[in-house]
Amino acid sequence: MTIAESIAAWSAGDRIAFRFEGEAISYADLHHRVEVACKGLIVAGVEPGDRVGFCGLNRLEVFELLLACSRLGAILVPFNNRLTTSEIAVQINDCRPAIVLTTDSFGALISQAAPGQPTRDLDVEPFVDQSLVVDDHGSGPEATLLMVYTSGTTGQAKGAMLSQDALLFTALNGIDQQGLGADDRIIAPLPTFHVGGLNIQTIPTLMVGGEVVLQRRFDPGEFLDLVEQHRITQTILVPAMLAAVAAQPHFVATDLSSLRGINSGSSVVPAELMRPFFDRGIPVSQVYGTTETGPTAVGLRYDEADGRIGSCGRALAHTEVRVVNAAGHDVDDLEPGELWLRGANVFTAYWGDSDATAQAFAPGGWFRTGDVGYRDSEHYFYISDRIKD
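Keep in mind that this is a model prediction, so the values were computed, not measured.

Q: Go over the sheet that holds strand 12 (residues 261-264), please, and point to the residues and values.
A: Across the sheet, nine strands lie side by side as 2-1-10-9-11-12-13-14-15; this open sheet has mixed pairing. Because the sheet does not close on itself, it has two edges, and the strands there are strand 2 (23-26) and strand 15 (314-315). Alignment of strand 9 (residues 185-188) against strand 10 (residues 211-214), held across four bridges, turns out to be parallel. Counted as the bridge partner of Arg185 is Glu211 from strand 10. Against the sheet, helix 6 (residues 164-178) engages strand 11 (234-236), strand 12, strand 13 (284-288) and strand 14 (298-299), with an angle of about 155° to strand 13.

Q: How would you summarise the side chain of Gln91 if you had to cite specific residues and measurements?
A: Here Gln91 is to be found in helix 4 (residues 85-95). Not counting residues up to four positions away in its chain, the partners in contact with Gln91 are Phe79, Leu83, Tyr149 and Ala157.

Q: Give a description of the state of the cysteines that names residues and reports values.
A: Every disulfide links exactly two cysteines, by a covalent bond between their sulfur atoms. Counting across every chain of the model gives zero disulfides. Cys95 forms no disulfide, and the closest cysteine sulfur to it belongs to Cys55, at a distance of 12 Å.

Q: Residues and numbers for the pairing of strand 12, please.
A: Here strand 12 shows no split at all, with Gly261 and Asn263 on one side and Ile262 and Ser264 on the other all buried. Looking at chain direction, strand 11 and strand 12 are connected through three bridges and run parallel. Looking across to strand 12, one finds that Thr235 is bridged to Ile262. Remark: the strand 11/helix 10 (residues 239-246)/strand 12 crossover connection has right-handed handedness. Pairing between strand 12 and strand 13: three bridges, direction parallel. The partner of Ser264 across the bridge, within strand 13, is Gln286. A crossover connection joins strand 12 to the parallel strand 13 through helix 11 (residues 271-278); in handedness this β-α-β unit is right-handed.

Reading guide: rules and limits
- Residues numbered from 1 in each chain as written.
- Predicted model: local features only at pLDDT ≥ 70, side-chain atom pairs only at ≥ 80, totals over all residues.
- Heavy atoms only, no water.
- Pairing = 2+ DSSP bridges.
- Helix = DSSP H or I, 4+ residues; strand = E, 2+ residues; numbered from the N terminus.
- Contact = heavy atoms within 4.5 Å.
- Axes fitted to C-alpha atoms, helices over the stretch in contact; angles between N-to-C directions.
- Disulfide = S-S within 2.5 Å.
- Buried < 20%, exposed > 50% of the residue type's maximum accessible area, 1.4 Å probe, protein only.
- Right-handed = clockwise from strand over helix to strand, strands pointing away.

In C-alpha cells, the structure reads:
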C-alpha cells in the first residue's frame, strides 16, 4: 500500500483532513482535489518518471501534488522558496522538471531562475476538473516519488530520491514514535519544501485519519491561538520555534491542556528551550534523521522525554542504527562514532550523481549520515557533532 492509498481509504466518511485559514477540507474533498490534480498533470503532459516542481508556501496544493504524483508515477520536487535565484536555477537545471507549479507569487522567482521553464501559477490558474479518467500507473514500491535537495552544507546540494516505500516506512516510523491515531489533531508549521514538514508528522497524521491544521507560514502567536481553538493534541517545532512560542506574551494564559506532546529536532535541542513546556506538563520529545532517511529514523517517545533530555531516542520500528569508528567497526556504548542507518525509509540514490551515491553507502546498504553521536547501555542515541559541516 502507498501513502496515497492509505490516505484515500479515509475518503468514504466526513472526517476532516485539513483546516487551512478558516476552511475545513474533508478527506472526501482531499480525494477529489487529488483527482483534479492528477487530471491537471495529465493535461500538462506529465508522464511516469517526470519531475513535477513546486515552489510556494505551506499550501494544500503541495499535498495534492504529492498524492497525485504517487498515483501517476511522477516525482514531486519541492523547491526551497528561501533560496536565491541562482541556487534555484542550479536545481532546476539539474532535475529538469516537466512543469513547475507555483503559489504565493513565487512564479517570478522560477521565471528569473529558469527562463523558458514551463510553469503554472496555481493562484492565477488553478487546476479544474477535466472529463478524464485517471489511470493510476501503479508504479512499484521502489519507484521514486519525492526528490528533495539536501542543504548542501558539505558542497553542492544533491537531489535525494525517496521511493514510494521510503515515504510509507518513514510515515510508519512517525506513527510508531508519536503514537498517532485518528483522534489526533496537529498543527503543521514547518516548511513543506523539506522532508521534515512533509513527513515527520503531517503525512503520518493523514495516514491514520487525523486532522492537520496547516499554517501557511509559522507565526508563534497564531500557533498558540490555533492550539487553543482546535484543541491540538500534537505538533512539531524546531528549537527556534520552541523559543518563539514560549516568548509570546500570552504563552502562560493560553490553554494548552489538549497537547499531549511536542516533537522537535533538526539540530540538538537545548534543555532550556524545552523547559517552559515541561513546566506546563507538555513533554518535548526529539526525532532524528536526515533528508536521505525521510527523515524519521530515531525517535524519543513522549513518556520517555523528561527523563531523557538530550537524547534523540531509540531506533524506530523500520530502521537499524549502528555507531562506527573511522574503520567502519562498531564502537562500544558511550563511545562516539559516526551513525550509520539502514531501512526501508532510506533514500535510493542522489539524482544523476552515482559517485556521491556510492560514497554515501557502506557495504551492506548502510547509509553514512556524517553525524557523530553515541549510544548508551539502553540503546538511546545522542547526537554530538558533524564529521563535515
